[in-house]
Each structure stands twice: as C-alpha cells, then as structure tokens.
Amino acid sequence: MKLDSASLDISGISQTEIELELKDSTDLNLTPAIAQPVEPVVVGSPHKQQSALVVFGTTFVTIFLAEIGDKTQLSTLLMSAESHSPWVVFIGSAAALITTSLLGVLLGSWIASRLSPKTVEKSAGVMLLVISLMLFWDVFQG
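Because the structure is a prediction, the values reported are computed rather than measured.

Within the protein chain, the regular secondary structure consists of five helices and two strands. The order of helices and strands in the protein chain, counted from the N terminus, is β-β-α-α-α-α-α. Across the 142 residues in the protein chain, those meeting the buried criterion constitute 1%. Accessible surface for the protein chain amounts to roughly 13,500 Å². Of this, 70% is attributable to carbon and sulfur atoms.

Once that is clear, we can look at unusual backbone geometry. Here the phi dihedral of H84 falls at roughly 60°; this positive angle occurs in a residue that is not glycine. Tracing the backbone shows H84 in the loop between helix 3 (71–83) and helix 4 (86–114).

On the surface, L53, F56, F60, V61, F64, L65 and I68 cluster together into a nonpolar patch covering about 780 Å² of accessible area. Assignment of secondary structure puts I68 in the loop between helix 2 (52–67) and helix 3.

Another point: the packing of helix 3 against helix 4. For the pair helix 3 and helix 4, interaxial distance at closest approach is 8 Å and the crossing angle is 150°. The pairing of helix 3 with helix 4 is recorded here as roughly antiparallel in orientation. Judged by the sense of rotation from one axis to the other, the crossing of helix 3 with helix 4 is right-handed. Of the residues in helix 4, those in contact with T76, M79, S80 and S83 of helix 3 are P86, V89 and S93. Its residues assigned to classes, the contact of helix 3 with helix 4 comprises three nonpolar, four polar and no charged.

One pass over the full model with this rule turns up three aromatic pairs. With 6.3 Å between their ring centres and 20° between their planes, F56 and F60 make a pair best called stacked. Pair noted here: F56 and F60 are both in helix 2, with a separation of four residues, about one helical turn. For F56, a relative accessible area of 56% puts it in the exposed group.

Here the focus is the confidence of the model for the protein chain. Within the protein chain, residue pLDDT values average 78, and 66% of them lie at 70 or more. Within the protein chain, strand 1 (residues 9–10) has the poorest average pLDDT of any element, 50, and helix 4 the best, 94.

Relative to the 36 Å expected for 25 residues at 1.5 Å per residue, helix 5 (residues 117–141) spans 36 Å between its end C-alpha atoms, a close match to the ideal helical length. Counting buried positions over the 25 residues of helix 5 gives zero, only a small fraction of the element.

To continue, consider the environment of S75. Structurally, S75 is set in helix 3. Expressed as a C-alpha distance, the spacing of S75 and S93, which sit 18 residues apart in the sequence, is 9.5 Å.

What counts and what doesn't
Residues numbered from 1 in each chain as written. Predicted model: local features only at pLDDT ≥ 70, side-chain atom pairs only at ≥ 80, totals over all residues. Heavy atoms only, no water. Helix = DSSP H or I, 4+ residues; strand = E, 2+ residues; numbered from the N terminus. Buried < 20%, exposed > 50% of the residue type's maximum accessible area, 1.4 Å probe, protein only. Areas by Shrake-Rupley, 256 points an atom, 1.4 Å probe, with all protein chains shown as cover. Patch = residues over 30% accessible without salt bridge, like charges linked within 9 Å, V, L, I, M, F, W, Y side chains within 5 Å. Salt bridge = Lys/Arg side-chain N within 4 Å of Asp/Glu carboxyl O. Axes fitted to C-alpha atoms, helices over the stretch in contact; angles between N-to-C directions. Parallel < 35°, antiparallel > 145°, perpendicular 65-115°, else oblique. Left-handed = near helix turned anticlockwise from the far one by under 90°. Contact = heavy atoms within 4.5 Å. Nonpolar A, V, L, I, M, F, W, Y, C, P; charged D, E, K, R; others polar. Phe/Tyr/Trp six-rings, centres within 6.5 Å; stacked < 30°, edge-to-face > 60°. pLDDT = per-residue confidence, 0-100. Expected span 1.5 Å × (residues − 1).

Following this line, the structure appears as structure tokens:
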C-alpha cells in the first residue's frame, strides 16, 4: 500500500485545498529586505540584575542552612536554657547576628567597589582553601 496515494484530510481540509493555499501564497511578489547590522545593547553592567526577591530568598536560604546546628545556635540554645529568659536571649542573639551581617555587607560592598568580581571569587576560594588546610594540619598535629 502506498502511503502517498491516499488523500490527506487534516481537520476537515483536503489536500487540494492546502495545495491551492500554498500556491496562492507563493504568487506574492516580495522584494528582499536589506538587512541592517544589529548592534548589541549594553546596559550598565555585564551581569544580569537579579530581582530583590531572588537575592533576598537566596541569601535567606544560604544563611539559614549554614547556621543550623553551628556553634552559635548551640550557644544560643544553652544560654536560653540557663537563663530562663528565652526572649532576652533571642533579642541579644538576633542583634549580634544583624550586627555581624551588617559588617559583612558593608565590607563586601567596599571590596566590590575596588576589586572585580572575578578577583573576589578567586580570593575567597584561596582563603577557604587555606583555612581548610590549616584545619587539616591542626587535626593531624593534635
């Protein structure tokens, strides 16, 4: 059985109607357009700006996950249990975390205004590597 010998019927349109429409569309006299080179549009910075909500969410999740179960949280837990004043401990620890975060943001913006993002990334990687090596060395020495 030849597949191309059967009449084509798609959504109630016969093959001859499709062929007529195609023939009519090719009869148009179109003049070629002259292509103009398109120059790229450069906006302020080479990096795509993220929305404030995305930056907030990413920061919150990163810090939240990093702080779960660390020594600061354990210290806060112990202070709250010993003092029997959980709200005072909460306010004190929240103020301390806000202050250290403010220092980090201010220092980060100062560094970002003086160094390229690539340099900051490489420097952070080197510092984390050095800290890791120091911790390993301390473990092997002790």
